[in-house]
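The primary structure of each chain is shown beneath.
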Amino acid sequence: MAATVGRIYGAGLLKPNHGAVRHQVSNFSKASFSAWTKGRKTLFATLGIVTGGTGALLLALEQSVRASELELHPPNNPWSHKGFFSSLDHSSIRRGYEVYKQVCAACHSMKYIAYRNLIGVSHTEAEAKAEAEEVQVQDGPDEAGNMYMRPGKLSDYFPNPYPNEEAARAANNGAFPPDLSYITLARHGGEDYVFALLTGYCDAPAGIPLREGQYYNPYFPGGAISMAQALYNETIEYADDTPAYASQLAKDVSTFLKWAAEPEYDQRQLMFIKSIFIFSLLLSVAYYYKRHKWSIVKSRKLAYRPVSKK
């Protein structure tokens, strides 16, 4: 008899009664809040207002400090390679190499790019070999133990315009021209930053002091930059007779630097397309296999028929 009563009351206690529980909890919370004294409510309300006001003040101060720096973020330009299925413009890469060779190479190095990297991207093997032979590279020692100069080879890297960092700083009023091999990865904004910097030179606003040999560019941190504006209309002449406007020069050299920093960009885009095709096929096969193999398991019904005791 005791066991039977226990089963009955146990089954009743195990039955879900979520509505009653929620009602009791809500009543408990209301009763607890209403039991607070007026002073306690005022204290918590004051703490909430002070905390929110302090957070808003800190956010406003941070934004005002950023605004006072007068540093602009580069706009997002509609690059032809910006897209899931887009590749780099190799004609623009070739023109960008011309801009780097005739303008940027006078101050900036690209010590991680070799002439052989141009083959199949912007130049043929014969053209890349001709480009390499235009420079003189120190080699040696020879049989007599002396260093000598020889024409460049495909395995040589782009030459450094300065023998060392001290010579570079001495020639640029103490500023060291950075290496451009990975500049689009090293700067926030990538090629957008490079394009904005090259085309963003303007007169310094009132109250911005510039030292001798400095120029104002709002896209450069601090505004004062030691590099003078290098790109103007018709600064160089393209081999393919493309109009050499300043914006065109900046666009082409930015694309070239994008390729230099990520030479695997086109292969990565191609691999992405292949991955979409392969994974779509695998997903279709997996879905069919799941429907075929698990349909029996999902549609079956389990019935419990206890054996009656006689």
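Everything here concerns the structure above.
The structure displayed is predicted, hence computed values, not measured ones.

**Some remarks on the nonpolar core**
Moving on, step 1. Met110, Tyr115, Leu118, Phe158, Phe256 and Trp259 are the most contacted members of the largest nonpolar core, which has 39 residues in total.
Moving on, step 2. For this core, the elements supplying multiple residues, two or more each, are helix H4 (90-102), helix H5 (125-133), helix H8 (191-199) and helix H9 (246-261).
Moving on, step 3. With residues up to four places along the chain from it excluded, the contact list for Met110 reads Tyr100, Phe158, Asp179, Leu180, Ser181, Phe256, Leu257 and Ala260.

**Observations regarding the layout of surface pockets**
Moving on, step 1. By volume, the largest pocket amounts to about 700 Å³.
Moving on, step 2. If you go around the largest pocket, you meet 28 residues; those closest to its centre are His108, Pro177, Pro178, Ile225 and Met227.
Moving on, step 3. Only H8, strand S4 (224-225) and H9 provide two or more residues apiece to the lining of the largest pocket.
Moving on, step 4. Of the voids in this model, the second largest pocket is the one considered here, and its volume is about 160 Å³.
Moving on, step 5. Considering the residues around the second largest pocket, the lining is formed by Tyr97, Tyr100, Lys101, Ala105, Tyr115, Glu131, Glu134, Val135, Phe158, Pro159, Asn160 and Pro161.
Moving on, step 6. The greatest single-element share of the lining of the second largest pocket, amounting to 3 residues, is contributed by H4.
Moving on, step 7. Here the residues of the lining of the second largest pocket sort into 8 nonpolar, 1 polar and 3 charged.

**Describing a nonpolar patch on the surface**
Moving on, step 1. On the surface, a cluster of nonpolar side chains totalling about 510 Å² of accessible area is made up of Phe84, Phe85, Phe272, Ile273 and Ile276.
Moving on, step 2. Along the chain, Phe84 falls in the loop between helix H3 (38-68) and H4.
Moving on, step 3. Residue Phe84 is classed as exposed on the basis of its relative accessible area of 60%.

Rules of the game
Residues numbered from 1 in each chain as written. Predicted model: local features only at pLDDT ≥ 70, side-chain atom pairs only at ≥ 80, totals over all residues. Heavy atoms only, no water. Core = buried A, V, L, I, M, F, W, Y, C linked by side-chain atoms within 4.5 Å. Buried < 20%, exposed > 50% of the residue type's maximum accessible area, 1.4 Å probe, protein only. Helix = DSSP H or I, 4+ residues; strand = E, 2+ residues; numbered from the N terminus. Contact = heavy atoms within 4.5 Å. 1 Å grid on protein atoms, 1.4 Å probe; cavity = no way out; pocket = protein on both sides within 12 Å on 5 of 7 lines; lining within 4 Å. Points joined across faces, edges and corners; volume = space filled by probe spheres on them. Nonpolar A, V, L, I, M, F, W, Y, C, P; charged D, E, K, R; others polar. Patch = residues over 30% accessible without salt bridge, like charges linked within 9 Å, V, L, I, M, F, W, Y side chains within 5 Å. Areas by Shrake-Rupley, 256 points an atom, 1.4 Å probe, with all protein chains shown as cover. Salt bridge = Lys/Arg side-chain N within 4 Å of Asp/Glu carboxyl O.

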